[in-house]
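Structural characterization, general
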Amino acid sequence: MIISYSKIIEGANFSPLAQTEVSYQAQQLICLDDSGYIARIIEPSDSDYAAIKQIAQANDTLTTLRPNQYILPGFIDLHVHAPQWPNAGLALDRPLNEWLDTYTFPLEAKYQDLDFAKTVYNDLVQELLANGTTTVLYFGTIHNTANLELAKACIQHGQRGFIGKVAMDNPDQTPDYYQDASAQVAVDQTEQFIQQLNELNQTTDLKQTPVITPRFVPSCTPDSLKGLGDLARKYDLPVQSHCSESDWESGYALEHYHMRDAEVLDHYGLLTDKSVMAHGTKLTDHDYQLFEKQGVAVAHCPISNVYFGNAVLPVKRVLTHHVKTGLGTDISGGYSPSLYQNMRQAVMSSRMLQDGVDNQLPADKRGVADSALSVKTAFYLATRGGAESLHLQTGKIAEGYLADMQVVSLQNDFQTETSDNIFEKLMYQTSKADIDQVYVQGERVK
Ligand SMILES: Nc1nc2[nH]cnc2c(=O)[nH]1
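Scoring rules and cut-offs
Residues numbered from 1 in each chain as written. Predicted model: local features only at pLDDT ≥ 70, side-chain atom pairs only at ≥ 80, totals over all residues. Core = buried A, V, L, I, M, F, W, Y, C linked by C-beta atoms within 7 Å. Buried ≥ 20, exposed ≤ 12 C-beta atoms within 10 Å, placed from the backbone. Domains from an automatic or database assignment. Contact = placed C-beta atoms within 7 Å. Near = placed C-beta within 6 Å. Helix = DSSP H or I, 4+ residues; strand = E, 2+ residues; numbered from the N terminus. Nonpolar A, V, L, I, M, F, W, Y, C, P; charged D, E, K, R; others polar. Arc of directions from axis to C-beta. UniProt positions renumbered as here; feature names shortened; annotations may be inferred. Axes fitted to C-alpha atoms, helices over the stretch in contact; angles between N-to-C directions. Left-handed = near helix turned anticlockwise from the far one by under 90°. Pairing = 2+ DSSP bridges. pLDDT = per-residue confidence, 0-100.

Turning our attention to the nonpolar core. Core analysis: the largest hydrophobic core is formed by 120 residues, its most contacted members being I30, L137, Y138, L150, M343 and A382. Among the domains, domain 1 (7-73 + 397-444) and domain 2 (75-390) are the pair contributing at least three residues each to this core. Every residue in contact with I30, bar those within four places of it in the chain, is listed here: I8, I9, I38, I41, I71 and I397. Formed by five residues, the second largest nonpolar core is a distinct cluster that contains W99, L100, Y307 and F308.

Glancing now at the site of the ligand. Neighbouring the ligand are the residues H81, L96, L100, T104, R215, F216, H242, E245, S304, F308, D330 and G333. Breaking the shell around the ligand down by element, the ones donating at least two residues are α2 (96-109) and α10 (302-308). In terms of residue count, α2 provides more of the shell around the ligand than any other element does, three residues in total. Grouping the constituent residues of the shell around the ligand by class yields four nonpolar, five polar and three charged.

Here we come to helix α7 (residues 247-257). Taken together, the buried positions of α7 are occupied by E249, S250 and A253. For α7, the angular spread of buried residues about the axis comes to 95°, placing them on one side. In this fold, the buried residues of α7 make contact with α2, β10 (239-243) and α8 (261-267). Phi for H258, located one or two positions after α7, is positive at around 55°.

The residues that UniProt annotates with the feature "domain: Amidohydrolase-related" (unreviewed entry) are residues 70-445. Helix makes up 44% of residues 70-445 and strand 16%, whereas the separation of the span's terminal C-alpha atoms amounts to 17 Å.

Relative to each other, helix α3 (residues 114-130) and helix α4 (residues 144-157) sit at 35°, their axes nearing to 9 Å. Relative to α4, α3 is oriented so that their crossing is right-handed. Between α3, through L114, A117, K118, Y121, N122, V125, Q126 and L129, and α4, the contact on the second element is made entirely by T145, A146, E149, L150, A153, C154 and H157. Class assignment for the residues of the contact of α3 with α4 results in nine nonpolar, four polar and two charged.

Moving on: the pairing of strand β15 (residues 435-440). On a regular strand, each side chain points to the face opposite its neighbour's, so the side chains alternate between the two faces of the sheet. Across four bridges, strand β14 (residues 405-409) lies against β15 in antiparallel orientation. The residue bridging V408 from the neighbouring strand is I435, located in β15. Taken together, the two bridges between β15 and strand β16 (residues 443-444) define a ladder with antiparallel strand orientation. From the neighbouring strand, V440 faces β16, where its bridge partner is E443. Hairpin connection between β15 and β16: a loop of two residues separates the two successive antiparallel strands, and Q441 in this loop has a positive phi of roughly 50°.

Before going further, it helps to examine the confidence of the model for the chain. For any part of a model where pLDDT is low, the fine detail of the predicted coordinates should not be relied upon. Averaged over all residues, the pLDDT of the chain is 97; the fraction at 70 or higher stands at 100%. Prediction confidence for the complex, expressed as pTM and ipTM, is 0.98 and 0.99 respectively.

This paragraph deals with the environment of H143. Topologically, H143 is positioned in the loop between β7 (133-139) and α4. Exposure remark for H143: the 23 C-beta atoms within 10 Å place this residue in the buried category. When the C-alpha positions of H143 and G36 are compared, they lie 32 Å apart, and in sequence the two are 107 residues distant. Sequence-distant contacts of H143, that is, excluding residues within four places in its chain, are made with Y111 and Q112.

Here we take up the domain arrangement of the chain. When its domains are assigned, the chain resolves into domain 1 (7-73 + 397-444) and domain 2 (75-390). Of the residues lining the interface, 18 residues belong to domain 1; the matching set on domain 2 comes to 23 residues. Breaking the side of domain 1 that touches domain 2 down by element, the ones donating at least two residues are β2 (21-32), α15 (419-429) and β15. Looking at side-chain class alone, the side of domain 1 that touches domain 2 contains eight nonpolar, five polar and five charged residues.

Mapping E424 onto the fold places it in helix α15. As for E424 and K376, which are separated by 48 residues in sequence, their C-alpha atoms are 8.4 Å apart.

The next point concerns the packing of α4 against helix α5 (residues 183-201). Two elements in contact, α4 and α5, have axes separated by 10 Å at closest approach and are oriented at 30°. You can see that α4 and α5 cross each other, and the crossing is right-handed. Each of N144, N147, L148 and A151 in α4 lies in contact with α5, whose residues at this interface are Q189, Q192, F193, Q196, L197 and L200. Of the residues that constitute the contact of α4 with α5, the class distribution is five nonpolar, five polar and no charged.

Set out below in structure tokens:
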């Protein structure tokens, strides 16, 4: 049957097939329905290709790509601190706890100023979209009015946001100018934000999801962790936190709870199949087993981990344990808003893990065998890995998936005889300026 679609994009596309495989199609019609899904993909060999293309041309709903343009799924960033955007690129030479106290908490405290919040959040959301990122898992601040501004910026500019009011009530680990006044306040404000966001969602088709967000074990008290675990269960919502990010962080849990920090979060009901834990550089095999059992995902933040992680996350090992894994920029522990840059760093860090870095050691003692990631796996993490972590039907160019896509130009188009060459060049050479179009749920947002 010949039907018309709300938009059709004609061109070549790459899409993840599996953790180590990517599919390439040289020419297809990607047909979108009016709820923002890919309704149908039509091959040039299909008998109705020409007729459907002609209808779209007549309706002015066809976009035909140039020969050097490629469609990719939109990226999913699993870890962004929205309020830290003004600090991107600053102070990365300090250890995590010092960086938080000296640079991060003073900046986050400023978001009681709504004008400041609006300015920063509008800029950040547009910047991430311009970099091809269509869904983001955000930490906000402790301030609900500012967190709502972040949600409004996502709606206005057309990005799918998962947004958490940050809970941090431990007076020993948070400054008095930036903390929740008590565990009860942290939990009540989190519940209030859930309700406020649900109300805001009545006004839009692009739903923003509230996320339970204990900052990390050190900045919360046992009472707030327990209250937040109860909320996660009551509302069946995603949870995000930092877990085993550094020697200091994992040491804190051992010293104060005599448990690993993953176990502390699990004890309070915060590890569920909707939980996304950032970093995890210090997780053990025992923790991976716990994550697999509970269905917890890891947000791998390869740039940030170079500065604060104290180790390289062995992504292949994590995947071998069947732990869902995606990528995060961790602005501003990571300096770049681009998941392309993070895919590259994921590959580079994994190769350094495999070879080792101490040139005084013999080759066979220097590294961790079988650690190197391919760029195809990095692409998987930025697309399907993120989507699986958030239970989203996206991250793939396929029928029945959300039409979250980016159209990228390959400028340096020498040596492009094979689709693998084209794919590798796109992964390693794309910059923001090469991302020509971005679609979220079928709407063009760049
Ligand atoms: N990278 C990073 N780690 C944290 N641990 C607790 N808070 C933070 C943060 O803002 N950034």
